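# Analysis of the macromolecular model
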Amino acid sequence: MTRVFSGVRSSGRLHIGNYFGAIKSWIDLQNKHESIFAVVDYHAITTPYNPKGMKRMVWDTILDFLAAGLNPKKTSIIIQSQIPEHTELAWIFNTLTPVSWLDRLPTYREKIEAHPQNANMGLLDYPVLMAADILIYKADIVPVGEDQIAHIDLANEIVKRFNYLYGPTFSRIKPFFSKGARIMSLSDPTKKMSKTGGEGIGLYDEPEEIRDKIKKAVTDSGREIIMREDKPAISNLLLIYHLFSGKSIKAIEKKYQDKGYADFKKDLAEIIVKGLEPFRQKRKELEKKPRYVKKVVASGVDRARKIASKNLLEIKRKIGLI
Ligand code: TYM
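Now for a look at the structure at hand. The structure displayed is predicted, hence computed values, not measured ones. Residue positions are given per chain, counting from 1 as you read along its sequence in written order. With pLDDT at 70 or above as the cut-off, local features in this predicted model cover only qualifying residues; side-chain atom pairs require 80 or more to be listed or tallied, and sums for whole chains, interfaces and linings still use all residues. The basis for the side-chain values is all heavy atoms of the structure; hydrogens and waters are excluded.

## Describing the overall build of the chain
In terms of helices and strands, the chain carries 13 helices and five strands. Over its C-alpha atoms the chain spans a radius of gyration of 21 Å, differing by no more than 12% from the 20 Å that the globule rule assigns to 322 residues. With the C-alpha coordinates aligned to their principal axes, the bounding extent of the chain is approximately 70 × 45 × 40 Å. Type-normalised accessible area, obtained with a 1.4 Å probe on protein chains alone, sets the label of each residue: buried when under 20%, exposed when over 50%, and partly exposed for intermediate values. When the 322 residues of the chain are sorted by exposure, 52% land in the buried category. Note on areas: these come from Shrake-Rupley sampling with a 1.4 Å probe, and a residue is covered only by the protein chains present in the view. Per element, the accessible surface of the chain, about 15900 Å² overall, is 54% carbon and sulfur. By definition, any uninterrupted DSSP run of H or I lasting at least four residues is a helix, any uninterrupted run of E lasting at least two residues is a strand, and each is numbered from the N terminus. We take the radius of gyration over the C-alpha atoms and set the globule estimate at 2.2 Å times the residue count to the 0.38 power.

Here you go:
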């Protein structure tokens, strides 16, 4: 059976980029394949964080997964640090990954440029742990946003090198991209929407906050509402409109051809508010059921760990440690 794996860092509240870029595909894929979805807390601690707040962030991310529609009867929801096989395999992969594959990755470069004082080993090694997350389960499909392409490519290099050195063990990983695989920031459409800046729309933002953010979203010069390369800001807003409404881009462009940005933005804000309402409701219900949520994670970890420990044993045998 095909296996699907993906993860989200517990480094802030989820935004609509995380949802349309990754989690929405998880919801679809969980019905067709065996799947494991992780809160990757070891990845989250590679950048500065508050230890007192981490437990809450992990918990919030799990509630977000469930509120977005992951079904614990169909999928395993796990916390990365509770399955030590991930980091054990990462260590093994470290021994076959040249440093030169890692220190030139754009994600690493960007992060150390932003915080030079935080150029730690974990940050450099981040993609190796990500490869281990996927390969400890020998997952075939990894639904992610486009910002993860370089990481998946690197994982596939590790696959090749491992198989060459120790015999066929892993298959090539296939990334899975959705239509929303690249949602850009509302304040700068050349940058991706992210968890940290205020330029994203959180899945649980209050209606007033959403209206305000859309009102303030940058637009391009001119007043055409059209998806075109030279109009990155309005193209991004059109994509968000399309993803929330299900209407084709052509139909949306037509609807607003004689209208201005103000009308378009007003409608877009209401569509988002309405689209996010079910998440808000479901999340409120889940907040009241901590015991249920804990059980979901415990059984997910239990199921996943069985697969991870069996695979790690095979890998250790292959590399001569058993
Ligand atoms: P993270 O936590 O940054 O993001 C989680 C998922 O959301 C996608 N995403 C976006 N998609 C579209 N538009 C955006 N603006 C946007 N921002 C984020 C990301 O591509 C991702 O799919 N390295 C990963 C976590 C990870 C992982 C893994 C993923 C660790 N191990 C193994 C897959 C498999 C990350 O930082 O995601």
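## Looking at the packing of helix H7 (residues 121-135) against helix H8 (residues 149-166)
Relative to each other, H7 and H8 sit at 70°, their axes nearing to 9 Å. With respect to H8, the element H7 is oriented roughly perpendicular. Considering only the axes of H7 and H8, their crossing is right-handed. Every residue of H8 that contacts H7 at Tyr126, Pro127, Val128, Met130, Ala131, Ile134 and Leu135 is listed here: His151, Ile152, Leu154, Ala155, Ile158 and Val159. For this scheme, ten residues count as nonpolar: Ala, Val, Leu, Ile, Met, Phe, Trp, Tyr, Cys and Pro. Four count as charged, namely Asp, Glu, Lys and Arg, and the remainder, Gly too, count as polar. Broken down by class, the residue content of the contact of H7 with H8 amounts to 12 nonpolar, one polar and no charged. The convention used is that axes are lines fitted to C-alpha atoms, helices contributing only their stretch in contact, and that angles between N-to-C directions extend from 0 to 180 degrees. Reported orientations rely on four angle classes, namely roughly parallel under 35 degrees, roughly antiparallel over 145, roughly perpendicular from 65 to 115, and oblique for the rest. By the definition used in this description, the sense in which the near helix is turned from the far one sets the handedness, with an anticlockwise turn below a right angle giving left-handed and a clockwise turn giving right-handed. Only heavy atoms enter the contact rule, under which two residues are in contact if any of them lie within 4.5 Å.

## Section: the environment of Asn94
Considering the arrangement of structural elements, one finds Asn94 in helix H4 (residues 85-94). Residue Asn94 is classed as partly exposed on the basis of its relative accessible area of 23%. Distance from Asn94 to Leu129, taken between C-alpha atoms, is 8.8 Å for residues 35 residues apart in sequence. When residues no more than four places from it in sequence are discounted, the contact partners of Asn94 are Asp125 and Val128.

## Examining empty space enclosed by the protein
The way it works is a 1 Å grid over only the protein atoms, where trapped points that fit a 1.4 Å probe form a cavity and open points with protein on both sides within 12 Å along at least five of seven lines form a pocket, and then any residue with an atom within 4 Å of a point lines it. Grid points are joined across faces, edges and corners, and a volume is the space filled by probe spheres set on the points. For the structure shown, the criterion picks out one cavity of 30 Å³ or more. In this model, the largest cavity occupies a volume close to 60 Å³. Taken together, Thr107, Tyr108, Lys111, Leu123, Tyr126, Pro127 and His151 make up the lining of the largest cavity. Going through the elements one at a time, helix H6 (106-114) and H7 are the ones with two or more residues in the lining of the largest cavity. Residues that form the lining of the largest cavity fall into these classes: four nonpolar, two polar and one charged.

## Points about unusual backbone geometry
Peptide bonds are mostly trans, and most non-glycine residues show a negative phi. The phi dihedral of Lys138 is positive, around 50°, even though this residue is not glycine. Structurally, Lys138 is set in the loop between H7 and strand E4 (141-143). The class for Lys138 is partly exposed, based on a relative accessible area of 26%.

## A word on the site of the ligand
Summary of the distance rule: residues count as near a molecule or strand when at least one heavy atom falls within 4 Å of that molecule or strand. In the neighbourhood of the ligand, 28 residues make up the surrounding shell, with Arg9, Tyr126, Asp147, Ile183 and Lys195 lying closest. One nitrogen or oxygen atom from the side chain of Gln148 is found 2.9 Å from a nitrogen atom belonging to the ligand. Residues adjacent in sequence count toward polar contacts only when both atoms are side-chain atoms; beyond that, a polar contact is any pair of N or O atoms within 3.5 Å, and within protein one must be able to donate a hydrogen and the other to accept it. The backbone of Met193 places a nitrogen or oxygen atom 3.0 Å from a nitrogen atom of the ligand. Elements supplying a minimum of two residues to the shell around the ligand: strand E1 (3-9), helix H1 (16-29) and H7. Examining the composition of the shell around the ligand, we find that five residues originate from one element, E1, more than from any other. Among the residues making up the shell around the ligand, the classes are represented as 12 nonpolar, 10 polar and six charged.

## With respect to the layout of surface pockets
Space inside the second largest pocket adds up to approximately 310 Å³. Lining the second largest pocket are 17 residues, with Asn94, Met121, Gly122, Asp125 and Tyr126 sitting closest to its centre. Breaking the lining of the second largest pocket down by element, the ones donating at least two residues are H4, helix H5 (99-102) and H7. In terms of residues, the lining of the second largest pocket owes the most to one element, H7, which gives seven residues.

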